Each structure stands twice: as structure tokens, then as C-alpha cells.
Amino acid sequence: MKVLLTEDQLQQAIRRMAGEIAEHYRDRPLTIVGVMIGSIVLLADLIRLLDMPLRVELVQARSYRRNSTRPGPLVLNLDLLSSDVRDRDVLLVDDIFDTGHTLWELVPQLDELGPASIRTAVLLRKQGRCEVPIQPDYVGFDIPDAFVVGYGLDYNDLYRNLPYVAALESGEIREETGR
Ligand code: IMP
Ligand code: MG
């Protein structure tokens, strides 16, 4: 495993993102919606840097299956949303923007609930992978097309607890061969 972004680099980028977010929303009532599970570490750090009235909500998205590094079918679950987002500004927070399909499908589903606005924030954006006509509004880092783990991101449900972001090396990835 090769460290790509250190704890210090991550914290610096999150402080910058928090500044941009605070500047945009000022004191408007904001609902931050984290995409589980990958966004939880970013969410925890980001909200503590935002000195403004905000609510936190969660939705779930899954596109990876077991030990594969390529996306499988996307499954979204908005049932965890508890408060009414109608007429509120919503900021959707995810760990990484890869093909973009997760945010591309989540945004219209959230929009059906009638928020005043929807913006998106991600810690990482993978270069050369986007397959959809949207881009996140706030981005921590652009990274090369490698499979990364740590700071919330997993491989086969492991490594989310690493305080840094690292790229897995080929010997560490065991792609499902299928049957
Ligand atoms: P997208 O829908 O292709 O943009 O993928 C977004 C989701 O795929 C993210 O929320 C992650 O959960 C997962 N993902 C994409 N790339 C990686 C990676 O390099 N490491 C871990 N998870 C990833
Ligand atoms: Mg995810």
C-alpha cells in the first residue's frame, strides 16, 4: 500500500472545503446528507469545522461487491432520511467521485423531496473516470485512477479506519474471478 494523502494534507483540504461551504451558505439552514458508509470520516471532520446552523442526515449507496474494485449495480437507500428536507439547502457529501453514477442518481431522488437547492461535496475525484454530465461542487483532491482506501474508503469492507488515504498495489487486490 502506498500513502497518497497524509493526515495533514487531508485536514488542510477539509479546512479549505469547509471555508468554501461556509462562504456559500452563510447562515442559511443547511442539511448535510452523508452517503454511507464511505463518507462518515469526512462527515465527522467537516461538520466540526462548520460554525453554522446545520442538520446531519444519512443515505446509503452501495456499488462495490466483496473483493471487486469495479462498480457493480448501484443500490440506493433513502429510508434513513428522517427530517424534512423540503425548502432546505442540501449538501450531499460522499467520499469519492469515480464514475459519478452514485451522485448522478442520488441528486434527482433527493430533488423529489423538494429541497431549496442541492450541492455536492467529495473528498476525492478520480481523474479520467467520469461517465456522467455532472461534477461535484466541492472537491478535496483530484487523484490518479488507482483504487484507494482509508479515511472512510474500503476495500472488501476493510481499511476504512486508516487516518490517511493510500493506493492499493496490484498484489493487494484480488479481483473476483466469477464462476
Ligand atoms: P461512482 O458512483 O463510480 O462515482 O463511485 C462512487 C462510490 O464508489 C464511492 O462512494 C465509493 O464508495 C466507491 N469507490 C469508487 N472508487 C473507489 C476507490 O478507489 N476506493 C474505494 N471505494 C471507491
Ligand atoms: Mg460510497
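Before reading further, recall that the structure is shown in the block above.
Residues numbered from 1 in each chain as written. Chains lettered and ligands numbered in written order. Predicted model: local features only at pLDDT ≥ 70, side-chain atom pairs only at ≥ 80, totals over all residues. Heavy atoms only, no water.

A. Spatial organisation of the overall build of the protein chain. Helix and strand counts for the protein chain come out as 3 helices and 9 strands. Its helices and strands in sequence order give the protein chain the pattern β-α-β-α-β-β-β-α-β-β-β-β, from N to C terminus. The C-alpha atoms of the protein chain give 16 Å as radius of gyration, which agrees with the globular expectation for 179 residues (16 Å, within 12%). Oriented by its inertia axes, the alpha-carbon framework of the protein chain measures out at about 50 × 35 × 25 Å. Out of the 179 residues in the protein chain, the part that is buried amounts to 45%. (Helix = DSSP H or I, 4+ residues; strand = E, 2+ residues; numbered from the N terminus. Rg over C-alpha atoms; globule rule 2.2 N^0.38 Å. Buried < 20%, exposed > 50% of the residue type's maximum accessible area, 1.4 Å probe, protein only.)

B. Molecular detail of the packing of aromatic side chains. Applying the stated criterion across every chain yields a total of 1 aromatic pair. With centroids separated by 5.7 Å and ring planes inclined at 75°, the aromatic side chains of F147 and Y155 adopt a geometry described as edge-to-face. (Phe/Tyr/Trp six-rings, centres within 6.5 Å; stacked < 30°, edge-to-face > 60°.)

C. The packing of helix α1 (residues 7–25) against helix α2 (residues 40–47), seen in detail. Here α1 crosses α2 at 60°, and the two axes come no closer than 10 Å. One way to sum up the angle between α1 and α2 is to call them oblique. The way α1 lies across α2 gives a crossing that is right-handed. In this structure, α1 uses Q11, I14, A18 and I21 to contact α2, whose residues at the interface are L42, D45 and L46. In the contact of α1 with α2, the residues fall into 5 nonpolar, 1 polar and 1 charged. (Axes fitted to C-alpha atoms, helices over the stretch in contact; angles between N-to-C directions. Parallel < 35°, antiparallel > 145°, perpendicular 65-115°, else oblique. Left-handed = near helix turned anticlockwise from the far one by under 90°. Contact = heavy atoms within 4.5 Å. Nonpolar A, V, L, I, M, F, W, Y, C, P; charged D, E, K, R; others polar.)

D. Seen up close, unusual backbone geometry. Cis rather than trans, the peptide bond between M36 and I37 has omega equal to 0°. Unlike most non-glycine residues, N156 shows phi in positive territory, near 55°. For N156, the position within the fold is in the loop between β8 (148–149) and β9 (165–167). Classification of N156 as partly exposed rests on a relative accessible area of 36%. One non-glycine residue, Y159, lies in the positive phi region at around 80°. Relative to the helices and strands, Y159 resides in the loop between β8 and β9. Y159 sits in the partly exposed class, given a relative accessible area of 26%.

E. Expanded view of the pattern of salt bridges. Within this structure, the stated rule accounts for 10 salt bridges. The residue D98 makes a salt bridge to R129 at a minimum N-O spacing of 2.6 Å. Placement of the pair is D98 in the loop between β5 (89–97) and α3 (101–111) and R129 in the loop between β6 (117–126) and β7 (138–143), with a sequence separation of 31 residues. Judged by relative accessible area, which is 9%, D98 ranks as buried. Judged by relative accessible area, which is 15%, R129 ranks as buried. Bridged by salt links that share partners, the residues D98, K126, R129 and D145 form one connected network. (Salt bridge = Lys/Arg side-chain N within 4 Å of Asp/Glu carboxyl O.)

F. Examining the site of ligand 1 more closely. As a structural note, the neighbourhood of ligand 1 is formed by 17 residues, with D95, T99, G100, T102 and V148 the closest of them. Across the complex, the protein chains shield 93% of the 490 Å² of accessible surface that ligand 1 would expose by itself. Of all elements in the fold, only β5 and α3 reach the threshold of two or more residues within the shell around ligand 1. (Near = heavy atom within 4 Å. Areas by Shrake-Rupley, 256 points an atom, 1.4 Å probe, with all protein chains shown as cover.)

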